[in-house]
Amino acid sequence: MTSISGEMTATSLVPPIIAQPVAVAPQSALAPAGPGAAEIGWIWDLMLVSGTIITLAVFAVLGVALFRRRRPDELPPEADRPADPRGEHANVESGGRGREGEGRPRSERLGSRWLVGGGIVFPGVVLTVLFLFTLRTLGSIAPRPGDAAALTVEVIGKQWWWEVRYLDEDPSRIAITANELRIPVGRRVRILLGASDVIHSFWVPGLQGKTDMIPGRRNVTWLEADAPGRWRGQCAEFCGVQHAKMALVVVAEPQAQFDAWLERQIAPAAAPADSAGRADEAAFLASGCVLCHAVRGTPAGARLGPDLTHVASRLTLAAGELPNTEGHLAGWIADPQSVKPGSRMPAVPLTPQELHAITRYLRSLH
Amino acid sequence: MAERADAGTGAGTREEEGSGNVAHRPPRTFDETWDQPAGVQGFLATIDNIPISMRYMVTSFAFFVAGGILALVMRVQLARPENDFVDPQTYNQLFTMHGTTMMFLFVIPFLEAFANYVIPLLNGTRDLPFPRLTALSYWTYLFGGIFIYSSFLFGLAPDGGWFAYMPLNDKTHSPGLNMDFWDIGLSVAEVAALGAAAEMIVGILRMRAPGMSLNRLPLFSWAMLVTSAMIIFAFTPLVVGTLMLELDRKEMTRFFDPNAGGDPLLWQHLFWVFGHPEVYIMFVPAVGVMSHVVQVFSRRPVMSYTLMVLAIIATGFLSFGLWAHHMYTTGISAVTLGLFAAVGMVVSIPSAVNIFGWIATIWAGKPVWRTPLVFALGAIVIFVIGGVTGVMVAVAPFDFQAHDTYFVVAHLHYVLFGGTIFPIFAGLYYWLPKISGRMLGERMGMWSAGLMFGGFNLAFMPMHWSGLEGMPRRVYTYPTGLGLEGYNLLSTIGGVILALGVVLSIVNFVVSLRRGREAGNDPWGGDTLEWSESSPPADAQFGRFPIVRSRHPMWDQTTVRPAPEDDPEVVRVANAYDRRPERWRGSLVVGVLDGRPIAIAHLPRRSIWPFVLSVGFLLIFTSALLEHGPIAMTGAAVIAVALAGWFWPVDTEKTAIEETGADRVDAERTAEAPLPLAIGDRQANGYWGTGVLVAILATASVTFLAGYFYLGEGPSPLPDGFAPPPLVPALLASVPALLALVATRWLTSTVDRRADGTRWIAATATALAHLAFVWLGIESFRASGYRPSEHGFASAAFGVVGFGWLVSAGAAVMLLVGVAWAVLAPRDPRGRGVALNASLVSYFAAASWFVALAAVYLWPRIS
């Protein structure tokens, strides 16, 4: 056994995992679940209805223009000369085919009325009204100065995951998690947005429009959910190879539940209860994992990858790509590149025993 | 004395100094003058607008097909969730190259090619003013396109998006050569577009048929005029931006590096200041094409010409106030959002005017159901939908949801298919009979239109919903369970149908070339001048210049030949240039507003140098990619040789000068020459072209300044010890700059006074002043302690002053060429022309220093 364990990769013991993508929650701007998305959803409904009516009206006018009956005397002189497939119309000698003295109306004045009425006055009125609605909605969804007093969460976009920090004046009470944002129901939560490598964009369509996360800048948005629930969000600015698999989950909970959750997140990882647990922890701390990941309360303090202090409490793995089950966790550790090709997480060589120990340890981090 | 060649008889058969070009016997007859060179060398040396624009069209259409194939591969990948038809890396290459190809290698070049072919015919002239520039544009574009696509051979296709956002595409996050291929290859396409724009502006303003005043200009010409002006002001910031990007990638500067005083948003501003006008650069020519098709197939002039023209111009202006549309979600202030939302809505008004203009034209006319009209109707329907969704995404709060999702993918394809692709097909079905002399198959055309229209809507209509249901753009896959499966499958099916429609049209084009019925001069009963000529047109296009008395000469005039009511002066000129001049290529120059002939322009006949020059460009760009010194040296040598060859005196030009007496003082000018030769003074096309060049340089200068002020006010404060550069050396450098201004004034006055004896002194003095300025300017900046490779603000300051030195050095070279002319052939009008052109650049170079002085040396002290 020992002689071949070096050759044996961890994958061979893990049951083959089909990367089952989980849409843990809806991701639709058409099903608003908070005041931000609702304001935008309302203006979308308005524009969808009026835009459809206007479009169909223009098509109707075009249809009539094409198919209406015409009196011969209302047509301009050119209309007598059909497009001739044999191309023998031109008088090659003289070059022109006009006949002087033909004076049927060309209804230029009618034309100007069309252009001014349909092209300027009508859109002018519609757009002015729409512009007023735009300003109103802009005002109602903009972050407010008073938000600063509210619960503030900092979300940092990274290739290809989200670091989430619940800010507090007391540095020891800052909770750090990843790819999951819990908020209390019915409260406006202020979100500070940043990025550590390239530009990302924070978008949870069910709750709010998107805001970019730009290195060197700090943007602000806010979220509020009307009722408990889960919503999926996704990076909306192209950020490299795994842009497609950079998702997060927003969970809205009643205040008490949220508070309890936050307290657990603030706390460092609990020390293992028994010797088996301590052995698993030792396996983790001895592995390559600690080069990138932190588990508060242990010596592992690297900040390159997501903070794993309470990883078992999260809903998903790999930035929303996998449900957080034991099998998926082991599979993700053993072979991240087949789940998320190009991901920054390397496949660390592990023996099956090490893999199982690490998986058990991480599953214990509630 | 020199014999007086008689333009009236063309009898002057004196041998040219034949020693230089043994292979090229000087042409003796009109047809010989305008014929096409034969053989391989002829293929490379031809500069006529017709063969060049045909190659241009075929090449860009090939890129259209390539870009379409890339899109189909993407649609296959997205047909079902979690598909693994292509890997993520490849997918990123696909969408990057799809966007790049369609924008830069298909639409813009194709419209330029179209305009190159059609504009001289529409405007009743024999060629464009700078035929060698036409050829240069084509060759550089061809090499640039091949350069970008060659990246596929090395597996290094660009993968950072066609918009190349920073810092994703800096050396840290994109270490491969992929984006270097993109950036460098793109520069080539930009140069080609700028060249074509200069050509169009001067050609449309100055080279038209007698009587074609500005208010009789065909709408496609108006559209190309406006488009070309937009290209000047939009592509130049892109050239500057891509230059900054490449310098950042080589880590020579820090324009966009947030960790060193740069700002990634600066790139977005520069890119979209180009990128939004770009949309209208593609749309405006289509407005012109549509107007022609609609009026001819409605059998009546387009409604309200004046409003249509004003709408085109308004679109051009407004398109520059929209760029932040692409940046609504970057955290810009609410006031800015409101402002840009307002402009975004207003820009839809001129488009609405155009749409209603076409509908009213159809209403008042009598529609003739032929393929071009059917494509045009498809364009109207699609564009209206795209316009309505365009207003939606202009509404900033809605854009917070729609931005960077498939909703925008749907919107932009509606705009581009309705605003560009369908009009291009309408235009092809309309003008190909003129180009090939053969009719296209009507039934196949109708099928193609139907398939394209149906397939398009099936492909792109569902994307509005997939976007709002949560599908971001540029994702190689999407999970099951979000409800995106159905929409995407429909889109893929639609994409395949759309492709079938395009294939059917291509088959139609090819089959018609062999089997199509003869088109005759005027298959459609068209209204504009091109239908008075044979199909395909003769090499000279208009042996006899038509006389224009109406906006629709073929509908309103009994003849385009001289008529009793014409101005006798115009008749005299038209008759005098009836299949003349014979021994050199000449075409009329008319007054910009009234279209009265004022001069005759000499056009070069053939030249290998545009081809050689573009090979030199290719070598330089390859060396920039590989950072390879010897290739760079070879490229520089090739460019130097090609430029010398290009500007070397042309034999036929000498003939033209002698025939028209342009080398004599006014009193002695040949009485028989009907019009003066447009050379060596402010009527020369070269002078106008130089004016456009200065507009490009000024735009570039403003772009550098804007970047400088933006970073100066940006989020990254200046590091300590970043003292403003010392004033004294800068003031010292201002002395020669001031002297250069004065000397330039002197130089232009020697040209105006025909003081040919003193011109060389003035030119030398100006050149020396520029060289002294460049030297002192570099010294003054070195004294500043700004290190461009260490801080973004220093990079920006360097950009401002460095560009100035570059232009000054260029002006000095031009001036020295002027000195050579003034010494070797003081009375030759070409020498005066060189001096006059150099003086324009010289004025700009010297004057722009004082702006740079205020910005870089004074502003940091007062702010």
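Since the structure is predicted, the reported quantities are computational estimates derived from the model, not experimental observations. (Residues numbered from 1 in each chain as written. Chains lettered and ligands numbered in written order. Predicted model: local features only at pLDDT ≥ 70, side-chain atom pairs only at ≥ 80, totals over all residues.)

Caption draft 1: Broad picture of the overall build of chain B. Secondary structure summary: chain B contains 26 helices and two strands in total. Here chain B has a C-alpha radius of gyration of 28 Å; the compact-globule value for 863 residues is 29 Å, and the two agree. If you line up chain B on its principal axes, its C-alpha atoms span 90 × 75 × 45 Å. Long-range pairs, those at least 24 residues apart, make up 81% of the contacts in chain B between residues at least 6 apart in sequence. (Helix = DSSP H or I, 4+ residues; strand = E, 2+ residues; numbered from the N terminus. Rg over C-alpha atoms; globule rule 2.2 N^0.38 Å. Contact = placed C-beta atoms within 7 Å.)

Caption draft 2: Structural detail: the overall build of chain A. Looking only at helices and strands, one finds eight helices and twelve strands in chain A. Out of the 366 residues in chain A, the part that is buried amounts to 44%. (Buried ≥ 20, exposed ≤ 12 C-beta atoms within 10 Å, placed from the backbone.)

Caption draft 3: Layout of the interface of chain A and chain B. If you look at the interface, chain A gives 91 residues, while chain B gives 97 residues. Elements represented by at least two residues in the side of chain A that touches chain B include exactly α2 (35-67), α3 (108-141) and β7 (208-213) of chain A. A breakdown of the residues in the side of chain A that touches chain B according to their chemical character gives 47 nonpolar, 28 polar and 16 charged. (Nonpolar A, V, L, I, M, F, W, Y, C, P; charged D, E, K, R; others polar.)

Caption draft 4: Fine view of the nonpolar core. Core analysis: the largest hydrophobic core is formed by 375 residues, its most contacted members being Val250(A) and Ala426(B). Tallying contributions element by element places helix α8 (residues 264-297) of chain B first for this core, with 22 residues. In contact with Val250(A), not counting residues within four places along its chain, are Leu181(A), Ile183(A), Val204(A), Leu207(A), Leu223(A), Arg230(A), Trp231(A) and Gly233(A). (Core = buried A, V, L, I, M, F, W, Y, C linked by C-beta atoms within 7 Å.)

Caption draft 5: Fine view of unusual backbone geometry. Residues and elements named next belong to chain B. Note the cis peptide between Ser 535 and Pro 536, where omega equals -10 degrees. Tracing the chain through its elements places Pro 536 in the loop between α16 (485-515) and α17 (553-556). Residue Pro 581 is bonded to the preceding Arg 580 through a cis peptide linkage, with omega at -10 degrees. Inspection of the secondary structure puts Pro 581 in the loop between α18 (568-576) and β1 (585-590). Backbone geometry places Ala 164, a non-glycine residue, at a positive phi of 45 degrees. Residue classification places Ala 164 among the buried positions, given that 22 C-beta atoms sit within 10 Å. Here Gln 541, not a glycine, exhibits a phi torsion of approximately 65 degrees, which is positive. Taking the number of C-beta atoms within 10 Å as the measure of exposure, Gln 541 has 22 and is therefore buried.

Caption draft 6: Spatial organisation of the sheet that holds strand β10 (residues 247-253) of chain A. Residues and elements named next belong to chain A. Spatial strand order, β4-β10-β9: three strands in an open sheet with mixed pairing. Each edge of the sheet is formed by a strand with only one pairing partner; in this case those strands are β4 (180-184) and β9 (229-234). On average, each strand axis in the sheet is inclined to that of its neighbour by 20 degrees, with strand direction left out of account. Direction of pairing for β9 relative to β10: antiparallel, over a ladder of six bridges. Its bridge partner being in β10, Gly 233 is matched across the sheet by Leu 248. In the packing of helix α4 (residues 255-266) onto the sheet, the strands contacted are β4 and β10, and the crossing angle to β4 comes to about 135 degrees. (Pairing = 2+ DSSP bridges. Axes fitted to C-alpha atoms, helices over the stretch in contact; angles between N-to-C directions.)

Caption draft 7: Local environment of the sheet that holds strand β1 (residues 152-158) of chain A. Residues and elements named next belong to chain A. Taken in spatial order, the five strands make up an open sheet running β3-β2-β1-β5-β8, and their pairing is mixed. Looking at strand neighbours, the two that pair on one side only are β3 (175-178) and β8 (219-223), the edges of this open sheet. On average, adjacent strands in this sheet sit at an angle of 25 degrees to one another, irrespective of strand direction. Of the pairings in the sheet, the one linking β1 to strand β2 (residues 161-166) comprises six bridges and is antiparallel in character. Looking at β2, one finds that Val 153 is bridged to Tyr 166.

Caption draft 8: Region of interest: the pairing of β2(A). Residues and elements named next belong to chain A. Hairpin connection of β1 to β2: two residues between the antiparallel strands. Here β2 runs beside β3; their pairing, made up of four bridges, is antiparallel. Bridge assignment links Tyr 166 to a residue of β3, and that residue is Ala 175.

Caption draft 9: Geometry of the confidence of the model for chain A. Residue and element names in this part refer to chain A. Put simply, chain A has an average pLDDT of 87, and 86% of its residues get 70 or more. Note on residues 1-21: pLDDT under 50 across the span, and 24 contacts to partners over four residues away in sequence or across chains. Counting interchain partners and residues more than four positions distant, the pLDDT-below-50 stretch residues 85-94 has 26 contacts. (pLDDT = per-residue confidence, 0-100.)

Caption draft 10: Representation of α2(A). The terminal C-alpha atoms of α2(A) lie 48 Å apart, and with 33 residues this matches the ideal 48 Å at 1.5 Å per residue to within 8%. Every buried residue belonging to α2(A) is among Gly36(A), Ala37(A), Glu39(A), Ile40(A), Gly41(A), Ile43(A), Trp44(A), Met47(A), Val58(A) and Leu62(A), and all of these are buried. (Expected span 1.5 Å × (residues − 1).)

Caption draft 11: Structural view of the packing of α2(A) against α3(A). Residue and element names in this part refer to chain A. Two elements in contact, α2 and α3, have axes whose closest approach is 9 Å; the angle formed by their N-to-C orientations is 170 degrees. With respect to α3, the axis of α2 lies roughly antiparallel. Relative to α3, the crossing made by α2 is left-handed. Seen from α2, the contacting residues are Gly 36, Glu 39, Ile 40, Ile 43 and Leu 46; seen from α3, they are Phe 133, Thr 137, Ser 140 and Ile 141. (Parallel < 35°, antiparallel > 145°, perpendicular 65-115°, else oblique. Left-handed = near helix turned anticlockwise from the far one by under 90°.)

Caption draft 12: Fine view of the pairing of strand β5 (residues 189-195) of chain A. All names here are of chain A. Counting buried residues in β5 gives six out of seven residues, a clear majority hidden from the surface. Where β5 and β8 come together, five bridges link them in antiparallel fashion. Among the inter-strand pairings, Leu 193 is bridged to a residue of β8, identified as Asn 219.

Caption draft 13: Expanded view of the packing of helix α12 (residues 371-394) of chain B against helix α14 (residues 406-436) of chain B. Residue and element names in this part refer to chain B. The contact between α12 and α14 brings their axes to 7 Å, and the two run at 160 degrees. Regarding the angle of α12 to α14, the classification is roughly antiparallel. Once α12 is placed against α14, the crossing between them reads as left-handed. Across the contact of α12 with α14, the residue classes tally to 19 nonpolar, eight polar and no charged.

Caption draft 14: Fine view of the environment of Ala576(B). All names here are of chain B. Relative to the helices and strands, Ala 576 is located in helix α18. Take Ala 576: there are 18 C-beta atoms within 10 Å of it, and that puts it in the partly exposed class. Taking the C-alpha atoms as reference, Ala 576 lies 9.2 Å from Leu 675; in sequence the two are 99 residues apart.

Caption draft 15: Geometry of the confidence of the model for chain B. All names here are of chain B. Overall, the predicted model of chain B reaches an average pLDDT of 91, with 96% of residues at or above 70. The secondary-structure element of chain B with the lowest mean pLDDT is α17, recorded at 88, while helix α15 (residues 442-468) shows the highest, at 97. Long-range and interchain partners of residues 1-23, a stretch whose pLDDT sits below 50, account for 24 contacts in this model, where long-range means more than four residues apart. Both confidence scores are given for the complex: pTM 0.93, ipTM 0.91.

Caption draft 16: Structural detail: the environment of Phe235(B). All names here are of chain B. Positionally, Phe 235 belongs in helix α7 (residues 219-249). Since 24 C-beta atoms lie within 10 Å of it, Phe 235 is described here as buried. Between the C-alpha atoms of Phe 235 and Tyr 305, which are 70 residues apart in sequence, the distance is 29 Å.

Caption draft 17: The environment of Gly419(B), seen in detail. Residues and elements named next belong to chain B. Mapped onto the elements, Gly 419 comes out in helix α14. Residue classification places Gly 419 among the buried residues on the basis of 28 C-beta atoms within 10 Å. Once the C-alpha coordinates of Gly 419 and Val 728 are considered, the two residues, 309 residues apart in sequence, prove to be 55 Å apart. Sequence-distant contacts of Gly 419, that is, excluding residues within four places in its chain, are made with Met 282, Phe 283, Ala 286, Phe 383 and Gly 386.

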